[in-house]
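If you want the building blocks of each chain, they are given just below.
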Amino acid sequence: MAIEEAATVRLTFTRPDGTTSRTAPAALKDGFPDELRELKALAKEVRGTLSAERARLEALMSAGREWPYDEWCRHYRDHPVTGTLARGLIWEFQDANGRWAAVVPTAAPDGRPERVRLWHPIRASADEIGSWRERLLTTELRQPFKQAFREIYLLTPAERETGVYSNRFAAHIVHYRQLYALFKERGWQANFLGSYDGGYDGRARAEFGDGAWRACFHHEPAAEDHDRYSPEHAATDQVRFERRDGRRWREVPLAKVPPPVFSEAMRDVDLFVGVTSIAADPDWTDRGEDRYAGYWRTATFGELTASAEVRREALARILPRLRIADRCTLDGRFLIVRGDLRTYRIHLGSANILMEPDDAYLCIVPSRGRPNGKVFLPFEDERLSLILSKALLLAADTKITDDTILHQIKRDAR
């Protein structure tokens with residue numbers, strides 16, 4: 001059993017000739033079934049522990065916690081399990097003069113640091129962030145969670161104007177059950193919407209900053225689902241923040257929320273909306289006339305969110321390394337891909353496609369898996385993988401054999 005890149009647990013078996021296999025040999029299955037069962041149970045337990053440790057480490061991004069160097073070495077760098085995650089992250093070390101400096105993952109700091117903290121891009125300059133991102137791509141280091149390529153959410157003038165709430169992610173139509181499942185996955189607590197007393201008032205809450213702060217994401221059943229026991233769709237609303245005051249929570253102005261706390265909470269909300277919005281549903285146009293068709297058309301090709309902006313920068317660094325680089329151009333919100341039959345515009349937020357010259361919509365049902373085994377992605381991002389998969393497909397559009405896709409491309413093509 002080994003913990004590999006990005007803290008992935010692999011159970012492998014070595015043959016007499018030195019080669020390895022992920023399938024247990026028959027002799028082991030027949031001769032040592034109990035031991036094999038225990039080994040598989042151990043691997044499962046380690047996977048669970050790594051998953052929990054990954055979530056705990058990621059929660060530190062909003063905490064601003066610091067450790068004495070020796071304590072950090074013992075509990076993070078040199079720990080047999082946590083260390084496999086910690087050594088893939090960027091850490092900042094404070095010297096005796098109080099200066100902080102970030103060190104490349106797996107490298108040792110100069111001298112003996114006084115204190116250590118987890119690096120967050122919100123405290124770094126644009127040049128420093130760009131340098132780290134390029135370094136990860138050059139060394140093909142995939143971090144256990146998105147850190148160098150992490151999205152940053154700063155307070156906007158509109159949010160300073162509203163004071164205690166943000167409308168940045170309001171007025172979206174989302175698939176509700178998918179949203180509720182994502183709340184649970186990300187550790188947010190929420191009541192389930194429905195046609196019971198109080199069931200129309202949705203508030204998802206999560207704690208940040210070591211439990212000192214709480215974000216509240218408001219949502220409600222969409223208009224057409226307001227009388228349903230279990231709504232199919234929900235409409236998003238405000239995000240508000242509270243600070244712990246003894247046993248109570250007190251609402252505070254957005255300007256008083258620590259930047260890492262605000263950024264991490266808004267990042268989660270962006271994820272909720274980006275993943276569950278009907279704008280990300282490529283089959284939505286097949287529903288015919290729909291009351292949400294206007295929202296779908298606006299949102300699916302609209303302005304980029306912070307997560308899509310990070311995706312754009314990642315693509316700017318990845319594309320020159322691809323064999324289709326000469327057929328691809330980044331233009332604002334879109335990745336432009338030049339095929340032989342048409343030119344295609346892939347939206348960097350929704351991954352949906354428009355075809356030139358008439359902006360006809362091209363529906364491609366995504367398949368699971370990475371875009372290409374040789375394409376290194378610096379972080380796990382299903383939408384980035386999907387965009388690259390579509391780009392690789394459309395750059396060679398004369399080789400497409402799927403009749404459904406070809407019919408759309410060749411229809412009215414000029």
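Being a predicted model, the structure only gives us computed values, none of them experimental.

Here we look at the overall build of the chain
- Each helix and strand in the chain was counted, giving 12 helices and 20 strands.
- Its C-alpha atoms give the chain a radius of gyration of 24 Å, within 12% of the compact-globule value 22 Å for 414 residues.
- With the principal axes as the frame, the chain shows a C-alpha extent of 65 × 65 × 50 Å.
- Counting only contacts in the chain whose residues sit at least 6 apart along the sequence, the fraction spanning at least 24 positions is 60%.
- Of the accessible surface of the chain, which amounts to about 21200 Å², a share of 48% is contributed by carbon and sulfur atoms.

Concerning the sheet that holds strand S20 (residues 360–362)
- Reading across from one edge, S16-S17-S18-S19-S20 is the order of the five strands in this open sheet, with antiparallel pairing throughout. At either margin of the open sheet sits one strand with a lone partner, and together these are strand S16 (328–331) and S20. Pairs of neighbouring strands in the sheet enclose a mean axial angle of 30°, with direction left out of account.
- Across four bridges, strand S18 (residues 343–347) lies against strand S19 (residues 353–356) in antiparallel orientation. Bridge assignment links Arg345 to a residue of S19, and that residue is Leu354.

Section: helix H7 (residues 176–185)
- Of the positions making up H7, those classed as buried are Tyr176, Leu179, Tyr180, Leu182 and Phe183. Buried positions in H7, seen along its axis, are confined to an arc of 160° and lie on one side of it. With respect to the buried face of H7, the exposed residues turned more than 90 degrees away are Arg177 and Glu185.
- Where H7 is buried, its residues touch strand S10 (173–175), strand S11 (189–190), strand S12 (202–208), strand S13 (213–221), strand S14 (233–245) and helix H8 (259–276).
- Looking one or two residues beyond H7, the residue adopting positive phi is Gly187, at roughly 85°.

Regarding the packing of H7 against H8
- Direction vectors running N to C along H7 and H8 enclose 145°, while the axes themselves pass 9 Å from each other. Note that H7 runs across H8; the crossing there is right-handed. When H7 is examined against H8, the residues Gln178, Leu179, Leu182 and Phe183 are found in contact with a partner set consisting of Leu271, Phe272, Val275 and Thr276.

Concerning helix H2 (residues 33–59)
- The end-to-end C-alpha distance of H2 is 39 Å, a good match for the 39 Å that 27 residues give at a rise of 1.5 Å each.
- For H2, the complete set of buried residues consists of Leu36, Ala43, Val46, Leu50, Glu53, Leu57 and Glu58.

Thresholds, definitions, all that
- Residues numbered from 1 in each chain as written.
- Predicted model: local features only at pLDDT ≥ 70, side-chain atom pairs only at ≥ 80, totals over all residues.
- Heavy atoms only, no water.
- Helix = DSSP H or I, 4+ residues; strand = E, 2+ residues; numbered from the N terminus.
- Rg over C-alpha atoms; globule rule 2.2 N^0.38 Å.
- Contact = heavy atoms within 4.5 Å.
- Areas by Shrake-Rupley, 256 points an atom, 1.4 Å probe, with all protein chains shown as cover.
- Pairing = 2+ DSSP bridges.
- Axes fitted to C-alpha atoms, helices over the stretch in contact; angles between N-to-C directions.
- Buried < 20%, exposed > 50% of the residue type's maximum accessible area, 1.4 Å probe, protein only.
- Arc of directions from axis to C-beta.
- Left-handed = near helix turned anticlockwise from the far one by under 90°.
- Expected span 1.5 Å × (residues − 1).

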